[in-house]
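# Notes for the structure review
Listed below are the residues making up each chain.
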Amino acid sequence: MDKVHNFSAGPGILPQEVIEGGIEALKNFKNMGLSLVEISHRSKEWEDTMAESEALIRELYNVGNDYAVIFVQGGASLQFTQVPQNLLPVGGKAAYLKTGTWASNATKEAKHWGDVQVVASSEDKNFNYIPKGYEIPSDAAYFHITTNNTIFGTELHHVPDSPVPLVADMSSDIFSRQIELKNYDLIYAGAQKNMGAAGVTLVIVKKDVLGKTGRQIPTMLDYRTHVEKESMYNTPPVFAIYLSYLTLKWIKKIGGVGPMEARNREKASTLYAEIDRNPLFTGTTAIEDRSIMNLCFVAKDLDCENKFDAFAEKHLCVGLKGHRSVGGFRASLYNALPLESVQHLVNVMKEFEKQYA
Ligand SMILES: *Cc1c(COP(=O)(O)O)cnc(C)c1O
């Protein structure tokens, strides 16, 4: 079968060697003669993998011992409620930046737990930019941001200068670029875009911010349970974690997050250059806020859009359809997408320009 170029927004592309490693572990995990999914999660073989996964994350993001690294379930969407439940004190206030659908969902869920102040929103222009020049209340427990807006294709290129600790949803740009972890009290990411498969969510949280809300938290929803039990309070989603483990090893092999970021920037600038050059297409987001992960663009009219849709599919570019709230196209250039797929898409766009008349 010819190579399919996968631009899906999520779940997204994984490195081929991760897929192969996953198949092998399903058949015969660590030469045990058993599948990964039929052994005890208390076995040494599995406990070693858990420990190595955590160690890889600590190494890639330079995570100190003042932070806990945990794997939880429920997707990033459960974090929308688990974050305020664990970090927003009873009677307290949290600040949110509303930059897209996921940020809006996070805001909505936080309201169940306390006073929520939306400091700025880009909803007035269908979230096609990142608001600037807003004020963050200094009495907020934290300021929640979505570092990359998967649906609208914008990204925060500068960490906001915040008087209160930051909490960040990094679901679609985790390990795609370097971060300064000390700016954050907590970051979270559903694994299925840049880190692995759906079913596991990574949380990195500063230990000393936990247990201060004054509220009772059910055991499974209390981060402290998973910190104390090293993500093994109950059966973890072993296969999803294993695919993350393999992906983390792959990122390390490439040289870590720095080289990963350089690759990602090259891919994004290659495709944005063609979007800006090609008279049939227009980018939909403010130039200074363009995401390097999700590149959104529209065709010059509906006829052109329909024809490019079919043309791209014929040339084995899949997952390019834009989210229904934006329309047009969205090319997701996650970590595992090779530069050659971006070059292929650029060639397809150039060829389409020649043929479309
Ligand atoms: C995909 C995505 C989510 C939702 O993730 P689930 O794991 O499906 O709940 C949340 N935030 C961002 C930024 C996303 O890209």
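The preceding data block contains the structure.
Keep in mind it's a predicted model, so treat the numbers as computed, not measured.

## Overview of the overall build of the protein chain
Across its full length, the protein chain holds nine helices and 14 strands. Along the first, second and third principal axes, the C-alpha set of the protein chain runs to 65 × 55 × 30 Å. Buried positions account for 54% of the 357 residues belonging to the protein chain. Put simply, of all contacts in the protein chain between residues at least 6 apart along the chain, 68% involve residues at least 24 apart. Element-wise, carbon and sulfur atoms account for 50% of the exposed surface of the protein chain, whose accessible area totals about 15,300 Å². Averaging the coordinates of the 37 positive side-chain charges in the protein chain and doing the same for the 42 negative ones gives two points 1 Å apart.

## Re the site of the ligand
Near the ligand lie 13 residues; those nearest to it are Ser77, Thr150, Asp169, Gln192 and Lys193. One of the side-chain N or O atoms of Lys193 is found 2.7 Å from an oxygen atom in the ligand. When the ligand is considered free in solution it has 390 Å² of accessible area, and contact with the protein chains removes 88% of it. Tallied by class, the residues present in the shell around the ligand amount to three nonpolar, eight polar and two charged.

## Looking at helix α9 (residues 339-355)
The end-to-end C-alpha separation of α9 is 24 Å, in line with the 24 Å expected for 17 residues at 1.5 Å each. Those residues of α9 not exposed but buried are Ser341, Val342, Leu345, Val346, Val348, Met349 and Phe352. Projected onto a plane normal to the axis of α9, the buried residues spread over an arc of 155° and lie on a single side. Opposite the buried face of α9, at more than 90 degrees from it, the exposed residues are Lys354 and Gln355.

## Focus: the pattern of salt bridges
Under the defined criterion, the tally for this structure stands at 21 salt bridges. Between Arg177 and Glu155 there is a salt bridge, with the nearest N and O atoms lying 3.3 Å from each other. A residue pair is termed long-range when its members are at least 10 positions apart, and Arg177 in the loop between β8 (166-169) and β9 (184-190) and Glu155 in strand β7 (residues 154-155) qualify at 22 residues. Across the salt bridge formed by Arg177 and Asp173, the nearest N and O atoms sit 3.2 Å from each other. Both residues of the pair, Arg177 and Asp173, belong to the buried class. Salt bridges sharing common partners tie together Glu274, Arg277, Lys350 and Glu353.

## Points about the packing of aromatic side chains
One pass over the full model with this rule turns up 18 aromatic pairs. When the ring of Phe80 is compared with that of Trp102, the centres are 6.5 Å apart and the planes differ by 40°; the resulting orientation is tilted. In this pair, Phe80 is assigned in helix α3 (residues 75-87) and Trp102 in helix α4 (residues 101-110), connecting sequence segments 22 residues apart. With a relative accessible area of 4%, Phe80 lands in the buried category. Ring geometry for Tyr96 against Tyr142: centres 5.9 Å apart, planes inclined by 65°, an arrangement best described as edge-to-face. In this pair, Tyr96 is assigned in strand β3 (residues 93-98) and Tyr142 in the loop between β4 (115-121) and β5 (143-146), connecting sequence segments 46 residues apart. For Tyr142, a relative accessible area of 1% puts it in the buried group.

## What about the environment of Val118?
Within the fold, Val118 resides in strand β4. For the pair formed by Val118 and Lys98, sequence separation is 20 residues and the distance between their alpha carbons is 6.6 Å. When sequence neighbours within four positions are dropped, the list of residues in contact with Val118 reads Tyr96, Lys98 and Thr107.

## Some thoughts on helix α1 (residues 16-27)
Helix length check: α1, at 12 residues, gives a terminal C-alpha distance of 17 Å against a target of 16 Å (1.5 Å per residue), a fit within 8%. Buried within α1 are the following residues: Val18, Gly21, Gly22 and Ala25. For α1, the angular spread of buried residues about the axis comes to 105°, placing them on one side. In this structure, α1 carries Gln16 and Lys27 as exposed residues pointing more than 90 degrees from its buried face. Buried residues along α1 sit in contact with α6 (238-254).

## Thoughts on the sheet that holds strand β14 (residues 329-332)
Within the open sheet, the three strands sit side by side as β11-β12-β14. Their pairing is antiparallel. Looking at which strands have only one partner, the edges of the open sheet turn out to be β11 (281-283) and β14. With direction set aside, neighbouring strand axes in the sheet form an average angle of 35°. The sheet contact formed by strand β12 (residues 294-299) and β14 spans four bridges and is antiparallel. Across the sheet, residue Phe297 finds its bridge partner in β14, namely Phe329. Packed on one face of the sheet, helix α7 (residues 257-277) meets β11, β12 and β14 and runs near 10° to β12.

The rules behind each value
Residues numbered from 1 in each chain as written. Predicted model: local features only at pLDDT ≥ 70, side-chain atom pairs only at ≥ 80, totals over all residues. Heavy atoms only, no water. Helix = DSSP H or I, 4+ residues; strand = E, 2+ residues; numbered from the N terminus. Buried < 20%, exposed > 50% of the residue type's maximum accessible area, 1.4 Å probe, protein only. Contact = heavy atoms within 4.5 Å. Areas by Shrake-Rupley, 256 points an atom, 1.4 Å probe, with all protein chains shown as cover. Lys, Arg positive; Asp, Glu negative; His and termini not counted. Charge placed at Lys NZ, Arg CZ, Asp CG, Glu CD. Near = heavy atom within 4 Å. Polar contact = N/O pair within 3.5 Å; in protein donor to acceptor, adjacent residues only side chain to side chain. Nonpolar A, V, L, I, M, F, W, Y, C, P; charged D, E, K, R; others polar. Expected span 1.5 Å × (residues − 1). Arc of directions from axis to C-beta. Salt bridge = Lys/Arg side-chain N within 4 Å of Asp/Glu carboxyl O. Phe/Tyr/Trp six-rings, centres within 6.5 Å; stacked < 30°, edge-to-face > 60°. Pairing = 2+ DSSP bridges. Axes fitted to C-alpha atoms, helices over the stretch in contact; angles between N-to-C directions.

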